[in-house]
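# Structure assessment
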Amino acid sequence: MEALVASAIGVLVACGVYLILRARTFPVVLGLALFAYAVNLYLFVMGNITLGAPPVLQEGMEIAAYADPLPQALVLTAIVIGFAMTAFILVLSICAYVSLGTDHLDGREHTQ
Amino acid sequence: MTPLFIVLLPLIGVLLPLLFDRFGRLPCTLSAAFPTLMALGMLFSMGPAVMAGEVFVISWPWVESLGLNLAFRVDGLGFLFALLILGIGALVIMYAHYYLTNDDPIGRFFAYLMLFMGAMLGVVLSENVLLLAFFWEMTSLSSFLLIAYWSHVPAARQGARMALTITGLGGLGLFAGLVMLGNMVGSYDLSVILASGELIRAHELYVPMLLLVLLGAFTKSAQFPFHFWLPNAMTAPTPVSAYLHSATMVKAGVFLLARMHPALAGSSEWFFIVTGVGLLTLVFAAYVALFKHDLKGLLAYSTISHLGLITVLFGFGTKAAAIVGVFHIMNHAAFKASLFMTAGIVDHECGTRDIRVLGGLKKYMPITFVLALLGSAAMAGIPLFNGFLSKEMFFYEAWKLPLMGDYPWLVPAIATLGGLLSMAYSVRLVYDVFFGEVGETPKKPHDPPFGMMFPVGVLVAICVAVGLFPEPIIGPLLTAASAAVLFGDPGAIDLSLWHGFNAAVVMSLIAIFGGTLFFTQRARLYVLADKIWPDLTGKKVFEQLVEAVATAMRTITSTLENGSLQRYIALLLGFSVLAAGLPLVRFGIEPGPMAMTEIDFVSVVMWLILVVCSLATAILHQRRLVAVIVIGVVGLVISLAFVQLSGPDLALTQLSVEIVTILLLLLALFVLPKSTPHEGGFTLRQARDIVLAAVAGLGTALMAWLVMTRPLESISRFHLENANYPVGGGNNVVNVTLVDFRGFDTMGEISVLLVAGLGIFAMLQGLDFKYVEGTISRARDRYPVMLTSFSRPLLALIILISIYVFFRGHNMPGGGFIAGLITSVALILQYLASGIDWASERMRINFKLLAAAGVMLAVLSGMVSWLAGLPFMTMAVQFSLPVIGEFNVVSTLFFDLGVYLTVIGSMMVILSNLGHLGQIEEEYDENERLTEADPWKP
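Here we summarise the structure given alongside this text.

What counts, and where the lines are drawn
Residues numbered from 1 in each chain as written. Chains lettered and ligands numbered in written order. Predicted model: local features only at pLDDT ≥ 70, side-chain atom pairs only at ≥ 80, totals over all residues. Heavy atoms only, no water. Helix = DSSP H or I, 4+ residues; strand = E, 2+ residues; numbered from the N terminus. Buried < 20%, exposed > 50% of the residue type's maximum accessible area, 1.4 Å probe, protein only. Lys, Arg positive; Asp, Glu negative; His and termini not counted. Salt bridge = Lys/Arg side-chain N within 4 Å of Asp/Glu carboxyl O. Polar contact = N/O pair within 3.5 Å; in protein donor to acceptor, adjacent residues only side chain to side chain. Core = buried A, V, L, I, M, F, W, Y, C linked by side-chain atoms within 4.5 Å. Domains from an automatic or database assignment. Contact = heavy atoms within 4.5 Å. Buried area = accessible area lost by both parts, 1.4 Å probe. Nonpolar A, V, L, I, M, F, W, Y, C, P; charged D, E, K, R; others polar. Phe/Tyr/Trp six-rings, centres within 6.5 Å; stacked < 30°, edge-to-face > 60°. Axes fitted to C-alpha atoms, helices over the stretch in contact; angles between N-to-C directions. Parallel < 35°, antiparallel > 145°, perpendicular 65-115°, else oblique. Patch = residues over 30% accessible without salt bridge, like charges linked within 9 Å, V, L, I, M, F, W, Y side chains within 5 Å. Areas by Shrake-Rupley, 256 points an atom, 1.4 Å probe, with all protein chains shown as cover. Left-handed = near helix turned anticlockwise from the far one by under 90°. Expected span 1.5 Å × (residues − 1).

## What about the side chain of Lys391(B)?
Residues and elements named next belong to chain B. The topology assignment puts Lys-391 in helix α19 (residues 386-400). Comment: no salt bridge for buried Lys-391; closest opposite-charge side chain is Glu-392, at 6.2 Å. In terms of polar contacts, Lys-391 uses its side chain to reach the backbone carbonyl oxygen of Ala-380, at 3.1 Å.

So this is what it looks like as structure tokens:
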């Protein structure tokens, strides 16, 4: 499972980075969204992988058996903030497009 | 305490002239003179003890971890300098009162002057070398302010900038050198440093440290090749030139040589560098001075030359030479300050300081003439003046110098040449200004008011008195100062006027008569100099250097910053990959010892879907709607992954956020272009991006893999053990962490959410669609009847669920974040199903206010604990009240409610404002809209 998760993170990062490097705003937003997934997943697995033991306390269970709750708490807020940031840059790109007439990152169309 | 007050009084005095400025010139001047004289009085009170050889050291810890103490030291050397600074300072204040015109802001002038005075006193009285460096910088800055005092004159601004650059550079070098010095001996206190000379000179870093310290000393004392800032600083008002640029600040450099003499001097490196630079400066500057037609320019180069002389003396490294160096510091301060003030008088009364224009002033300014004559005689080293004594002793030390091996004549010859040139320009100063034909000056010359001549008179009187009776007047002070420089007993100092017929007398005679002869031949020399003197000045070199640096920087900047954001991001990512990748390579890529968890079939399928959809997003991004759909799948798989990996709270959060995100992207596509234009085939840039992306992905995957295969040491055990009892009172550890253990973090995060919402609201206000008018088209479809009819009863149901999720959050997956997201989704569904107009009419809630109220509630619930005297955000508080007795308040529920409200408020602000973008567009096809049928209207 570790290899599966690690490779998934890698694929997400690669696709995210590629999109972040595009010339138009919308792909960049998509790239950042992919990148955010990757970062959240990455942060999450810093507590290592535990199957079938969510950190909700139950009678008669070893403390050591639970999944690490701390990265989960951090990632939970990170997901919500990630959304807020995605929304923010999306609106920023809308504003740029509407007031500049182009959605190119540099604010002007490059003539070939 | 007295040393502290001596430094602090002028610094407090900075404010007085600014306050008294409004009461007129005289009160302003007095307000500057008062602290100066008071500090001078305090200094005198310490006089007898210092003369008796006592050293006062006081110290308060300041930044102990850095070894920086507020420590002051009054020994003979510090006393001598403080005396010069305060004594000449008082005279300069009086002189400036008459010198400055009514147009000059006098309060500002005296404020700067007092600032400089305090800084300079700090330099000479510091016990801690870091403190010394601090005051050193302060003198550079206050000097900058004073040179640029007439800031409307471009030359003043240029001169000030040049002085600051050069002395600031030296100051940095000095600071580095002093830190090295402190590390060598293990203390920044002078008492320790001065006593560790042997250790310092034997240290392997001695030479670099010495070079850095000397850089500071030479730049400040205008030694070759850093000399050129001083003549350019002559744009300052003359009182400043007299005070800073001849008597005190430029002496800070030689003061440093004297101060560090016990610790640094005595090595051959010290001898060759310091003596060599000093001799070069001595002769070169004296030669240039001879050709300067500006009175102040001549004096400036003469100052550089005399500073060179003092530097040479400290460079010799012998006891006797160091004593002469201290002696010449005093003498030079007296006669040069008086000559500068005289030059100021001539300038003030004649309206020019060009020696070619001036002449015959003896007739009009008899008193000024006498003062100038006496001052120049001291500068030239004529017998019976103080300058003669120290110059004679300098010649003697140069003659006796044992260190020159096969060239014993070299140093005495250069010294004599310097003396000869000094004589020549002194004669020129007096003769060309006061004798000869009367020149056509802008003003009719006459003697200045008494107040302007008095300070000059005092200084000249000192020159003559010391020249006639050196032993009784200056003997004790010189002995005490020399004891401090030598860090030991200087022995008996012979200050008699006549030492018998020796080499020094011969050198003096050569200098005096040769100088006079040189002067008489000056007309031919000027012609010659104009022919052979290269058109190369320090100022030009400096300006070209500055220009070259600026050009180079501009080139670098324009190369790196070509205006392409894509390139910046690529550089940023490239360097991030490097920064993360290098340690990865260095520490090796070895997986840890942990056994892998099992892989099941469903996980593999999910993994496949994730990979395919991620790649599809990247590949199909030009068809934007398709890309939004596939990225939605990615988000859903991620939330499933959280389920599988024991993160139910995360799965719920991710799921609700995913729905909202996709909605958001779709709304944005309403305005933005629906597809990305092709950029012309497979380009080099695309290849670069693919490589960069692949490397970044591979690296991140590797890092995650390496961490996951290693055993985990986490602080989470504490959270798990204390979540229910005694701290948190809940079984869902993630939620307890959010609202209790790390509540402060959560508070910050909901604030970010609020700010993002408000930012989006602000950005969308008043957008002008004129550039993109034609490109946005509105969908003509009706709102789907099925969705509309289901969404309304669903609203109540979903809100009910969200309340349930909210309350069970402390013990089961759920809580404020998730409940807030679920409620938002329910509300947004109404917008989606029935249209913005319909929903807005019915939802009359100010969501901005709601979000703000949520943050406020969270903060307030954190403040409850203050009532019980506990730290902020202590969530479970036990109160005991009279009558009622003890009771518990657990404010986590209110905190979580705050989170809930903030999430709803922000989400709705973001989405409804984006949704309203469509409304703005509707105004363009108002008529069409009216004909459109609404299924819910009869």
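## A word on the nonpolar core
Within the largest apolar cluster, 199 residues are counted, with the highest numbers of intra-cluster contacts made by Ile200(B), Trp229(B) and Leu264(B). Looking at this core, the element that brings in the most residues is helix α17 (residues 319-350) of chain B, giving 19 residues. Viewed by domain, this core spans two of them, domain 1 (1-263) and domain 2 (265-520) of chain B, each represented by three or more residues. Those residues in contact with Trp229(B) that sit more than four places away from it in its chain are Met162(B), Ala163(B), Ile166(B), Thr167(B), Thr219(B), Lys220(B), Ala222(B), His245(B), Met249(B) and Val250(B). If you look at the next biggest cluster of nonpolar residues, it comprises 119 residues, including Val17(A), Leu764(B), Ile818(B) and Val855(B).

## Concerning the interface of chain B and chain A
Listed per partner, the contact involves 112 residues of chain B and 83 residues of chain A. Taking both sides of the interface into account, the surface hidden between chain B and chain A amounts to around 8,900 Å²; carbon and sulfur atoms contribute 78%. Among the residues chain B hides against chain A, the three largest losses belong to Leu645(B), Met708(B) and Leu720(B). Together they make up 8% of the total. Connecting chain B to chain A are 2 salt bridges. Its salt-bridge partner being Asp689(B), residue Arg22(A) comes within 2.2 Å of it at the nearest N-O pair. The interface formed by chain B and chain A contains 19 residue pairs in polar contact (both at pLDDT 80 or more). Its residues assigned to classes, the side of chain B that touches chain A shows 68 nonpolar, 30 polar and 14 charged.

## Considering the packing of aromatic side chains
All names here are of chain B. This structure, assessed with the given rule, holds 25 aromatic pairs over all chains. An angle of 65° between the planes, with centres 5.1 Å apart, marks the rings of Phe-224 and Phe-284 as edge-to-face. Residue Phe-224 is located in the loop between α10 (206-220) and α11 (229-232), and its partner Phe-284 is located in helix α15 (residues 268-290); the two are separated by 60 residues in the primary sequence. Overall, Phe-224 belongs to the partly exposed group, its relative accessible area being 29%. Judged by centre distance (5.8 Å) and plane angle (35°), the rings of Phe-394 and Phe-395 are tilted.

## Describing the packing of helix α4 (residues 76-99) of chain B against α17(B)
Residue and element names in this part refer to chain B. In the contact formed by α4 and α17, the axes pass within 12 Å of each other and the chain directions differ by 5°. Put simply, α4 runs roughly parallel to α17. Judged by residue contacts, Leu-80, Phe-81, Leu-84, Ile-88, Leu-91, Val-92, Tyr-95, Tyr-98 and Tyr-99 of α4 engage Val-326, Ile-329, Met-330, Ala-333, Ala-337, Phe-340, Met-341, Gly-344, Ile-345, Asp-347 and His-348 from α17. Class assignment for the residues of the contact of α4 with α17 results in 17 nonpolar, 2 polar and 1 charged.

## Details of the side chain of Ser834(B)
All names here are of chain B. Relative to the helices and strands, Ser-834 is located in helix α35 (residues 816-834). On the basis of relative accessible area, Ser-834 is assigned to the buried category, the value being 8%. Within the local environment of Ser-834, its side chain forms a polar contact with the side chain of Arg-792, the two groups lying 2.6 Å apart. If we ignore the near neighbours within four places in the chain, the residues touching Ser-834 are Tyr-783, Thr-788 and Arg-792.

## Re a nonpolar patch on the surface
Residue and element names in this part refer to chain B. Nonpolar side chains collect at one region of the surface, where Leu-384, Leu-468, Phe-469, Ile-473, Leu-497, Trp-498, Phe-501, Val-506, Leu-509, Ile-510 and Phe-513 lie side by side and expose about 1,100 Å² of accessible area between them. No other element matches the 4 residues that helix α23 (residues 503-520) contributes to the nonpolar patch. You can see Phe-501 is positioned in the loop between α22 (470-486) and α23.

## Let's talk about the packing of helix α16 (residues 295-316) of chain B against α19(B)
In helix packing, the relevant descriptors are the interaxial angle and the interaxial distance, both defined with respect to the helix axes. Residues and elements named next belong to chain B. Contact geometry for α16 and α19: axes closest at 11 Å, N-to-C directions at 40°. Relative to α19, the element α16 lies oblique. Between α16 and α19 lies a crossing of left-handed hand. Across the interface between the two elements, Leu-309, Val-312, Leu-313 and Phe-316 of α16 pack against Phe-394, Glu-397 and Ala-398 of α19. A class-by-class count of the residues in the contact of α16 with α19 yields 6 nonpolar, no polar and 1 charged.

## Some words on the pattern of salt bridges
Residues and elements named next belong to chain B. Under the criterion given, the structure shown has 16 salt bridges over all chains. Arg-201 is the salt-bridge partner of Glu-198, the closest N and O atoms lying 3.8 Å from each other. Residue Glu-198 and its partner Arg-201 are located together in helix α9 (residues 197-202), separated by 3 residues, close to a single helical turn. Taking relative accessible area as the criterion, Glu-198 reaches 65% and is therefore assigned exposed. Taking the relative accessible area as the measure of exposure, Arg-201 reaches 25% and is therefore partly exposed. We note a salt bridge from Arg-554 to Glu-547, for which the minimum N-O separation is 3.4 Å. By relative accessible area, Glu-547 is classed as partly exposed at 44%.

## Here's the deal with helix α30 (residues 684-708) of chain B
Turn by turn, an α-helix covers 3.6 residues, leaving residues three or four places apart pointing in a common direction. The end-to-end C-alpha distance of α30(B), which contains 25 residues, comes to 36 Å, matching closely the 36 Å that a straight helix rising 1.5 Å per residue would cover. Looking only at α30(B), the buried set comprises Asp689(B), Leu692(B), Ala693(B), Ala696(B), Gly697(B), Thr700(B), Ala701(B), Ala704(B), Leu706(B) and Met708(B). Among the structural elements, α1 (2-20) and α2 (25-45) of chain A together with α26 (565-586) of chain B are those in contact with the buried residues of α30(B).

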